[in-house]
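# Working through the structure, step by step
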Amino acid sequence: MIKLTKLSGVEFVVNSDLIEFIEVLPDTTISMTTGKKIIVKEDIEDVVNKIMEFKSDVYTKIK
């Protein structure tokens with residue numbers, strides 16, 4: 001799970017395994033495998049970095 005911020009300023013967490021793709025339209029828009037779209041304040045690089053950090057933490061704890 002990664003923590004993101006909606007345009008309204010509300011923080012929330014999302015299951016990064018359910019992200020299908022991310023676009024900049026011009027705001028960062030996350031399309032989920034469920035069909036839902038979420039617009040966030042973070043830029044695309046920040047979202048990708050958060051996903052990579054989360055995955056790294058998970059795999060490190062498994063070993």
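Here is what the cut-offs are and how they apply
Residues numbered from 1 in each chain as written. Predicted model: local features only at pLDDT ≥ 70, side-chain atom pairs only at ≥ 80, totals over all residues. Heavy atoms only, no water. Helix = DSSP H or I, 4+ residues; strand = E, 2+ residues; numbered from the N terminus. Contact = heavy atoms within 4.5 Å. Core = buried A, V, L, I, M, F, W, Y, C linked by side-chain atoms within 4.5 Å. Buried < 20%, exposed > 50% of the residue type's maximum accessible area, 1.4 Å probe, protein only. Phe/Tyr/Trp six-rings, centres within 6.5 Å; stacked < 30°, edge-to-face > 60°. Lys NZ or Arg CZ within 6 Å of the ring centre and 35° of its normal. Salt bridge = Lys/Arg side-chain N within 4 Å of Asp/Glu carboxyl O. Pairing = 2+ DSSP bridges. Axes fitted to C-alpha atoms, helices over the stretch in contact; angles between N-to-C directions.

On to the overall build of the chain, then. Each helix and strand in the chain was counted, giving one helix and five strands. Listed N to C, the secondary structure of the chain is β-β-β-β-β-α in terms of helices and strands. Expressed along its principal axes, the backbone C-alpha trace of the chain runs to roughly 40 × 25 × 20 Å. Within the chain, residue pairs in contact and separated by at least 24 positions form 33% of the contacts whose partners lie at least 6 positions apart.

What follows concerns the nonpolar core. As a rule of thumb, soluble globular proteins bury nonpolar side chains together. Grouped together as the largest cluster of nonpolar side chains are twelve residues: Ile 2, Leu 4, Phe 12, Val 14, Ile 19, Ile 22, Ile 30, Met 32, Ile 38, Val 40, Val 47 and Ile 51. Going through the elements one at a time, strand 1 (2-5), strand 2 (11-14), strand 3 (19-24), strand 4 (28-32), strand 5 (37-40) and helix 1 (44-62) are the ones with two or more residues in this core.

Right, let's talk about the packing of aromatic side chains for a bit. Tallied over the entire structure, the rule returns zero aromatic pairs. Against the face of Phe 12 rests Lys 6, its NZ or CZ located 5.6 Å from the ring centre.

For the structure on display, the rule yields two salt bridges. Taking the shortest distance from any N to any O, the salt bridge between Lys 3 and Glu 11 comes out at 3.9 Å. For Asp 17, the salt bridge goes to Lys 55, with nearest N and O atoms at 2.3 Å. In this pair, Asp 17 sits in the loop between strand 2 and strand 3 while Lys 55 sits in helix 1, placing the two residues 38 residues apart along the sequence.

Overall, antiparallel pairing links the three strands, which are arranged 3-4-5 in an open sheet. The sheet is open, and its two borders are formed by strand 3 and strand 5, each paired with just one other strand. This sheet shows a mean twist of 25° between the axes of neighbouring strands, independent of strand direction. As defined by bridge partners, strand 4 adjoins strand 5 across four bridges and the pair is classed as antiparallel. Counted as the bridge partner of Ser 31 is Lys 37 from strand 5.

Now for unusual backbone geometry. Residue Pro 26 is reached from Leu 25 by a cis peptide bond, and omega for that bond is -5°. With respect to the helices, strands and loops of the structure, Pro 26 is situated in the loop between strand 3 and strand 4.

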